[in-house]
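# Observations on the three-dimensional arrangement
What follows is the residue order along each chain.
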Amino acid sequence: MDMEYANINEFNDRDLATRMRNSNYEKYKSLVRMHLSFELELNTDEFDMPCHEIVYEDKGKIKKWNRLSKKNRGPATGCTAGAGSKSAGNSPTETLQQQIDAGFLMQLEELKEFLMLEKNLSQEGLFRKTGAVSRQNELRMHIQHDQPLDLELTGFSAHDCATVFKSFLAELPEPLLTDAHYRAHLQIAPLSQALMGGQVAATAERQQHLNSVQLLLLLLPEEHRELLQHIIKMLHSVAAREESNKMSAENLAILFTPHLICPRQMPPEALHYTAKKMSSIVSYMIQQGLEIFEVPGKQATDIRAYFLERKRKKTMSPEQTLEESISDDSTVNTVYTFVDRAATAAANNSNYTDTALAQLYAHIQSLPESSKKRRLIKQFNKQNGQGTPLQVIARSSSVP
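## Observations concerning the overall build of the protein
Along the protein, the regular secondary structure elements total 19 helices and two strands. Here the protein, with 400 residues, has 49% of them falling under the buried criterion. Considering only intrachain contacts with a sequence separation of at least 6, the fraction spanning at least 24 residues in the protein is 73%.

## Thoughts on the pattern of salt bridges
Applying the stated criterion to the full structure yields twelve salt bridges. Between K29 and E26 there is a salt bridge, with the nearest N and O atoms lying 3.3 Å from each other. Taken together, the residues K29 and E26, both in helix α2 (residues 25-39) and three residues apart, mark about one turn of the helix. We classify E26 as partly exposed; its relative accessible area is 44%.

## Looking at the environment of Y182
Along the polypeptide, Y182 turns up in helix α9 (residues 182-196). Excluding anything up to four places from it in sequence, Y182 contacts C51, I54, I261, P263, T274 and M278.

## Re α9
Here α9 spans 20 Å end to end across 15 residues, near enough to the 21 Å set by a 1.5 Å rise per residue. At I188, α9 is bent by approximately 35°, the largest bend along its length, and proline P190 sits one to four residues beyond. All buried positions along α9 are accounted for by Y182, A184, H185, I188, A189, L191, S192, A194 and L195. Buried residues along α9 sit in contact with β1 (53-58), α10 (203-218) and α14 (268-288). At the C-terminal side of α9, G198 shows a positive phi close to 70°.

## Description of the confidence of the model for the protein
The predicted model of the protein averages 79 in pLDDT, with 72% of residues at 70 or higher. Per-residue pLDDT stays below 50 along residues 75-98; that stretch engages in 48 contacts with residues further than four places along the chain or on separate chains. Note on residues 339-350: pLDDT under 50 across the span, and 13 contacts to partners over four residues away in sequence or across chains.

## Some thoughts on unusual backbone geometry
Not every positive phi belongs to a glycine, and F127 is a case in point at roughly 80°. Looking at the element boundaries, F127 is found in the loop between α6 (118-121) and α7 (133-144). F127 sits in the buried class, given a relative accessible area of 1%.

## Structural notes on the pairing of β1
Of the two faces of β1, only one is covered, namely that formed by I54, Y56 and D58; the face formed by E53, V55 and E57 stays uncovered. Bridge count for β1 against strand β2 (residues 61-66) is six bridges, and the pairing is antiparallel. Residue pairing for β2: E57 is matched across the bridge by I62. Counted between consecutive antiparallel strands, the loop separating β1 from β2 contains two residues, among which K59 sits at a positive phi close to 55°.

## A short note on the packing of aromatic side chains
Tallying each qualifying case throughout the model produces four aromatic pairs. Seen in terms of ring centroids, F127 and F256 are 5.1 Å apart; in terms of plane orientation they differ by 75°. Their pairing is edge-to-face. Of this pair, F127 sits in the loop between α6 and α7 while F256 sits in helix α13 (residues 249-260), and the two are 129 residues apart along the sequence. Here F127 and F256 have matching classes, each one buried.

## Quick look at a negative patch on the surface
Judged by side-chain charge, E109, E110, D150 and E226 come together as a negatively charged surface patch. Here D150 lies in the loop between α7 and α8 (158-170).

## Considerations on the packing of helix α11 (residues 222-239) against α14
In the contact formed by α11 and α14, the axes pass within 8 Å of each other and the chain directions differ by 80°. Between α11 and α14, the crossing angle belongs to the class labelled roughly perpendicular. Contacts between α11 and α14 involve I232, L235, H236 and A239 from the first element and M285, I286, Q287 and Q288 from the second. Of the residues assigned to the contact of α11 with α14, the class counts are five nonpolar, three polar and no charged.

## Some remarks on α2
Residues three or four positions apart in an α-helix share a direction because the helix packs 3.6 residues into each turn. For α2, with 15 residues, the first-to-last C-alpha span of 21 Å sits near the 21 Å given by 1.5 Å per residue. Within α2, twelve of the 15 residues are buried, which leaves the element mostly enclosed by the surrounding structure. If you follow the buried residues of α2, they end up packed against α1 (13-23), α10 and α15 (297-314).

## Some words on the environment of T334
Summarising the element assignment, T334 is placed in the loop between α16 (318-324) and α17 (342-365). With 31 residues separating them in the primary sequence, T334 and I303 have C-alpha atoms 8.8 Å apart. Dropping the residues within four chain positions of it, T334 is found in contact with M34, H35 and D302.

## What about the packing of α7 against α8?
Two elements in contact, α7 and α8, have axes whose closest approach is 9 Å; the angle formed by their N-to-C orientations is 60°. On the basis of their axis angle, the class for α7 and α8 is oblique. At the point where α7 passes α8, the crossing takes the right-handed sense. Facing α7, whose interface residues are R135, Q136, L139, R140 and I143, α8 presents H159, D160, C161, T163, V164, S167 and F168. Looking at the contact of α7 with α8 residue by residue, the class counts come to five nonpolar, four polar and three charged.

## Some words on the side chain of R264
Tracing the sequence through the fold places R264 in the loop between α13 and α14. Of the polar contacts made by the side chain of R264, one reaches the backbone oxygen of L169; its length is 3.0 Å. At 3.5 Å, the side chain of R264 forms a polar contact with the backbone oxygen of E174. Not counting residues within four places of it along the chain, the set of residues in contact with R264 comprises W65, R67, L169, A170, L172, P173, E174, P175, P258 and H259.

Reading guide: rules and limits
- Starting afresh in each chain, residues are numbered from 1 along the sequence in its written order.
- In view of the model being predicted, local features appear only for residues whose pLDDT reaches at least 70, and side-chain atom pairs are presented and counted only at 80 or more, with totals across whole chains, interfaces and linings using the full set of residues.
- As a rule here, side-chain values cover all heavy atoms of the structure and leave hydrogens and water aside.
- Where helices and strands are cited, they refer to DSSP runs of H or I of at least four residues and of E of at least two residues respectively, numbered from the N terminus.
- Per-residue accessibility, obtained with a 1.4 Å probe over protein chains only, is compared with the maximum for each type, and a residue is labelled buried under 20%, exposed over 50%, and partly exposed between these values.
- By the convention used here, residues are in contact when the closest approach between their heavy atoms is within 4.5 Å.
- Within this document, salt bridges are pairs made up of a side-chain nitrogen of Lys or Arg and a carboxyl oxygen of Asp or Glu, the two lying within 4 Å of each other.
- Expected span of a helix, by definition, is 1.5 Å for each gap between consecutive residues, and there is one gap fewer than residues.
- By definition, a residue's bend is the angle between the axes fitted to the seven residues ending there and the seven starting there.
- Per-residue confidence from the predictor is reported as pLDDT, a score between 0 and 100.
- When DSSP finds two or more bridges between a pair of strands, those strands are recorded as paired.
- Here a Phe, Tyr or Trp ring, Trp counted by its six-membered ring, pairs with any other such ring whose centre lies within 6.5 Å, and the pair is stacked when the planes are under 30 degrees apart, edge-to-face when over 60, and tilted otherwise.
- What goes into a patch is any residue over 30% in relative accessible area without a salt bridge, connected to like charges within 9 Å or, for nonpolar side chains (Val, Leu, Ile, Met, Phe, Trp, Tyr), within 5 Å.
- For the area figures, the Shrake-Rupley method with a 1.4 Å probe applies, and any residue is considered shielded solely by the protein chains shown.
- By the counting rule applied here, Lys and Arg register as positive and Asp and Glu as negative, while His and the ends of each chain are not counted.
- Just so you know, the charge point we use is NZ for Lys, CZ for Arg, CG for Asp and CD for Glu.
- Axis geometry follows a simple rule: fit a line to the C-alpha atoms, using only the stretch in contact for helices, then measure angles between N-to-C directions, giving values from 0 to 180 degrees.
- Under this scheme an angle from 65 to 115 degrees is roughly perpendicular, one under 35 degrees roughly parallel, and one over 145 degrees roughly antiparallel; angles in between are oblique.
- Each residue gets one label: Ala, Val, Leu, Ile, Met, Phe, Trp, Tyr, Cys and Pro are nonpolar, Asp, Glu, Lys and Arg are charged, and the others, such as Gly, are polar.
- Whether a crossing is left-handed or right-handed is set by the direction in which the near helix is turned from the far one by less than a right angle, anticlockwise for left-handed and clockwise for right-handed.
- N or O atoms closer than or at 3.5 Å make up a polar contact, with two conditions inside protein: a donor-capable atom paired with an acceptor-capable one, and, for residues adjacent in sequence, both atoms drawn from side chains.

Here you go:
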């Protein structure tokens, strides 16, 4: 459907995010990164920097491991292979997409559906106990040769399927959550640890943490995001039956963190430290369930504003279009006024606020004359401060 002629209010936030991603990936990516940069101490251009150096602690000493050093250098995998890749429509992790294709997703989904049966979810030690190696090898052969699995009839146990599922994740060239986001996860980890330890009560901090996780997942390649949804849905269900299977969100996170976040080829001591540090993020994801795949409110508002602006420009005359001379492909706009970090707020906040409010006011003034437009201007003049009120955007969507 051509979004210039569609009613934006008929689509939910996730559908609109997907449509923007598919129609203008570069602008979608820049918009998500912009919002993420206001949640974390991270510049938007840092997402394209390969993560070569890992800092960790071993026996009380801070050490560094560099995957590009001569003794660690091997075949190009993970972020070293993906750095500099320019494939259109993808994140900086194109190498993994050669592995996670439709067939791979279908096979793992079949394993997931079997494990989601009530009798299997209640199995004690699910994902911790290994099962029979001979049956697991047979199951892997079935999968690799695209043979029908018929898991209910062929005698494979829940532990067999759980072990094979986990092993496929371990064999990916880089973690499912990608090396490109490793720096962001380092920033999220301390707050995750505080949240999981019950040390954070402030609603604002909890919301910031959730927004950061949600925005990072919006940047994942679609295949990664789909597979991660299968994993989180399954592990959330497993953790919900902890009383019978003895597997809590924390237990499951310990098992899955090396496959989801930790960079590959690390020495054991570095892997142990990194997995321990990052497991709170995975534990948080498991506890939250599918909520982590929603679109944060401010991001959703900006996406709706993007489609409304496209719709407005579609009705402009050639003279108006030339006069504005704005390219959708080269600019990224937000309807919010963000307060900058403490180090730069005093110098920059006033200018940023004035600019953002002026841009929004100009957009309202450009709408066709109507009683609704006059009410919008009146509402705009009454309200200012931190962010643009959501009701302004909601009402603007109904203006013809």
